[in-house]
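Understanding the architecture of this molecule
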Amino acid sequence: MDIYIRKQNFILRRIVISAMVLILVIGFLNIFQSQVRNSFYTISAPVSKSFWKSGNSAFSFLASFLPSENAKKENVILRQENQNLLAQVASLQDSLRQGYLAQGALQVAKENNFSLSLAHIIALDLHSDFVLIDKGLEDGIYENMPLISNEKVLFGKVLQVYRNFSKVMLISNSASVLDVKIQSDESQKTPVYGAIKGTGAGSLYLDLVSSDAEINEGNVLITSALEGIFPRNLLVGQIISKDKNDLRPFQTAQVQQFFDIKNTDTLFVITNYKK
Amino acid sequence: MWFKYPIILLLFLITALFQAGFLPYFSIMNVAPNLLFILFFIAVFLKAEKDYYYEFFLVITAGFFLDIFFNGRLGVSILSLFILYLAIQFTRHLLEEYQDEYFVGYYVLSFLVCFFAYGFLTQLLLNPLTIGMNVGIVTLVQILYNVTVALLGLYAYEQIADFLHQDRQLKLL
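In what follows, the accompanying structure is described. All values reported here derive from a predicted model rather than from experimental measurement.

1. Thoughts on the overall build of chain B
- The helix and strand tally for chain B stands at six helices and zero strands.
- In chain B, the succession of α and β elements from N to C terminus is α-α-α-α-α-α.
- By the burial criterion, 46% of the 173 residues in chain B qualify as buried.
- Relative to all contacts within chain B whose residues are 6 or more apart in sequence, the contacts with residues 24 or more apart total 74%.

2. Digging into the interface of chain B and chain A
- Every contact between the two is made by 33 residues of chain B and, on the other side, 39 residues of chain A.
- Buried surface at the junction of chain B and chain A, both sides included, amounts to about 3200 Å², of which 71% is carbon and sulfur.
- Among the residues chain B hides against chain A, the three largest losses belong to Tyr25, Asn30 and Leu74 of chain B. Together they make up 24% of the total.
- On the surface where chain B and chain A come into contact, there are zero salt bridges.
- Counting across the interface, chain B meets chain A through seven residue pairs in polar contact (both at pLDDT 80 or more).
- Taken together, the elements giving at least two residues each to the side of chain B that touches chain A come down to α1 (4-21), α3 (52-70) and α4 (76-94) of chain B.
- Examining the composition of the side of chain B that touches chain A, we find that nine residues originate from one element, α3 of chain B, more than from any other.
- When the residues that make up the side of chain B that touches chain A are grouped by side-chain class, the tally is 23 nonpolar, eight polar and two charged.

3. Let's talk about the environment of Arg163 of chain A
Residue and element names in this part refer to chain A.
- Position of Arg163 relative to the elements: it lies in the loop between β4 (154-161) and β5 (166-170).
- When the C-alpha atoms of Arg163 and Leu235 are compared, they prove to be 29 Å apart, with 72 residues separating the residues in sequence.
- Excluding its chain neighbours within four sequence positions, the residues that come into contact with Arg163 are Asn38, Gly136, Leu137 and Glu138.

4. Remarks on helix α6 (residues 137-164) of chain B
All names here are of chain B.
- The first and last C-alpha atoms of α6 sit 40 Å apart over 28 residues, in line with the 40 Å expected at 1.5 Å per residue.
- If you check which residues of α6 are buried, you get Thr139, Val141, Gln142, Tyr145, Asn146, Val147, Val149, Ala150, Gly153, Leu154 and Ala161.
- Each element contacted by the buried residues of α6 is listed here: α2 (35-45) and α5 (103-126).

5. Some points on the packing of α2 of chain B against α4 of chain B
All names here are of chain B.
- It is the contact of α2 with α4, at a shortest axis distance of 11 Å, that shows an interaxial angle of 35°. The two elements α2 and α4 cross, and the hand of that crossing is right-handed. Where α2 abuts α4, its residues Phe37, Phe40, Phe41, Val44 and Phe45 lie against Leu81, Leu84, Tyr85, Ile88, Gln89 and Arg92.
- Residues belonging to the contact of α2 with α4 are distributed by class as follows: nine nonpolar, one polar and one charged.

6. Regarding the sheet that holds β4 of chain A
All names here are of chain A.
- The strand order around the closed barrel built from six strands is β1-β2-β5-β4-β3-β12, with neighbouring strands paired in antiparallel fashion. Put simply, the sheet's adjacent strands are angled 45° from each other on average, direction ignored.
- Alignment of strand β2 (residues 130-133) against β5, held across four bridges, turns out to be antiparallel. When the sheet's bridge partners are listed, Leu132 is paired in β5 with Lys167.

7. A few points about the pattern of salt bridges
Residue and element names in this part refer to chain A.
- For the structure on display, the rule yields three salt bridges over all chains.
- Of the charged contacts in the structure, one is a salt bridge between Glu138 and Arg163, with a shortest N-O distance of 3.4 Å. Highlighted residues: Glu138 in the loop between β2 and β3 (146-148) and Arg163 in the loop between β4 and β5, separated in sequence by 25 residues.
- The class of Glu138 is exposed, set by a relative accessible area of 55%.
- Where Lys197 meets Asp207, a salt bridge forms, and the shortest distance between an N and an O atom there is 3.1 Å.

8. Considerations on the pairing of strand β9 (residues 220-223) of chain A
Residues and elements named next belong to chain A.
- Residues Val220 and Ile222 of β9 are buried on one face, and the alternating residues Leu221 and Thr223, pointing to the opposite face, are buried as well.
- With four bridges joining them, strand β6 (residues 177-183) and β9 adopt antiparallel strand pairing. What sits directly across from Gln183, in β9, is Val220.

9. Brief notes about the pairing of β2 of chain A
Residue and element names in this part refer to chain A.
- Because side chains alternate across β2, one face comprises the buried residues Phe130 and Leu132, and the other comprises Val131 and Ile133, equally buried.
- Summarising the sheet, strand β1 (residues 116-125) and β2 pair through four bridges and their orientation is antiparallel. The residue bridging Ile121 from the neighbouring strand is Ile133, located in β2.

10. Quick notes on the sheet that holds β6 of chain A
- Pairing in this closed barrel of six strands is antiparallel, and the strands run β6-β7-β8-β11-β10-β9 (chain A) around the ring. Neighbouring strand axes in the sheet, compared pairwise and without regard to direction, differ in orientation by 45° on average.

Rules of the game
Residues numbered from 1 in each chain as written. Chains lettered and ligands numbered in written order. Predicted model: local features only at pLDDT ≥ 70, side-chain atom pairs only at ≥ 80, totals over all residues. Heavy atoms only, no water. Helix = DSSP H or I, 4+ residues; strand = E, 2+ residues; numbered from the N terminus. Buried < 20%, exposed > 50% of the residue type's maximum accessible area, 1.4 Å probe, protein only. Contact = heavy atoms within 4.5 Å. Buried area = accessible area lost by both parts, 1.4 Å probe. Salt bridge = Lys/Arg side-chain N within 4 Å of Asp/Glu carboxyl O. Polar contact = N/O pair within 3.5 Å; in protein donor to acceptor, adjacent residues only side chain to side chain. Nonpolar A, V, L, I, M, F, W, Y, C, P; charged D, E, K, R; others polar. Expected span 1.5 Å × (residues − 1). Axes fitted to C-alpha atoms, helices over the stretch in contact; angles between N-to-C directions. Left-handed = near helix turned anticlockwise from the far one by under 90°. Pairing = 2+ DSSP bridges.

Structural measurements only, silent on function.
What follows is the structure, encoded as structure tokens:
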């Protein structure tokens with residue numbers, strides 16, 4: 001009996017000591033969190049980058065063997081879209097020649113004259129939709145700066161900044177919310193606004209769209225800049241199915257996001273955007 | 001066996017970098033296996049002899065690498081893994097007699113319980129207000145993908161253990 005109690009005390013003592021050591025370790029890590037993270041990322045960045053590049057190459061190689069049924073369908077859709085866009089471009093060029101939209105177009109060009117800082121992806125956390133990039137405080141990066149691709153597709157915003165690295169929250173993160181404008185085919189219509197919410201695991205949905213607003217599959221979503229973090233007219237996604245219920249004050253929709261993290265290794269941080 | 005400490009440190013480091021840099025390309029429905037967690041689970045669950053300091057080292061190392069790449073706050077995974085470690089020890093002690101008989105089933109079940117408990121604990125420590133679970137096709141993919149890799153890990157561990165414990169002493173015929 002005595003031995004049994006002594007053994008129990010020994011185990012209890014060991015757990016208490018371990019818990020104390022854990023508190024010390026966790027306390028230390030949290031006090032020096034920024035330095036610890038930055039040092040670790042600095043040391044591991046070359047290996048991380050090589051893993052990212054080799055992952056990309058391996059994925060591209062394997063993808064070439066996969067059945068191309070989806071690619072064919074996608075190709076048809078893209079061709080149709082391309083034709084529509086070409087028609088729109090022709091129409092816009094015509095309008096521009098007439099000088100009708102010249103002022104507006106110039107304004108848009110001026111508004112989009114972003115100051116960009118190129119960054120490379122080092123690591124991706126698929127579970128929480130975070131990305132680590134190789135630019136930080138020393139490169140003039142600050143929290144809440146938006147990240148886009150060279151096609152002006154919105155990826156997310158800077159969440160935490162370290163000396164040489166930054167953690168980016170993708171718009172698909174479950175804590176991410178941003179205001180968007182729904183682009184309809186008819187430009188005369190009153191613009192419809194909504195909010196894009198992340199659901200995690202790389203997916204999004206559209207919410208807070210007024211129940212009497214008309215939205216359709218295929219409508220493109222662009223940033224509206226209402227939340228003050230993202231500049232307007234950045235591409236976000238496309239509606240793939242809508243969910244309208246008369247019992248609810250707002251309608252929602254499933255969205256196919258435009259950003260494709262697997263096929264991207266370079267992003268641009270907009271460093272000069274202010275509301 | 002002092003060298004097992006740097007070996008495990010290196011192993012966890014490479015696994016963390018591999019998981020953050022390479023594995024996202026092989027995700028299914030944006031789900032990739034949590035290799036670091038699987039490695040930790042195998043190391044704790046399948047250990048041959050009791051070595052408390054080594055296991056404590058495993059908790060801190062695996063937790064640190066999980067936090068640095070995959071969590072917003074350092075220490076959350078360390079704490080979660082420590083709680084899980086204690087739970088694993090306790091469960092193993094309770095179910096000692098059934099372990100050999102239904103080993104694979106016992107392993108898979110324990111892994112799944114620990115996997116979801118880890119998710120729950122990290123969520124509880126990071127955002128207690130957003131705790132919830134959406135069970136759907138993604139969860140199923142997550143389970144299947146992680147369990148498959150965990151089983152492959154078990155197989156690999158057994159192969160390595162067999163290789164290391166082979167009796168290589170020369171014997172007189």
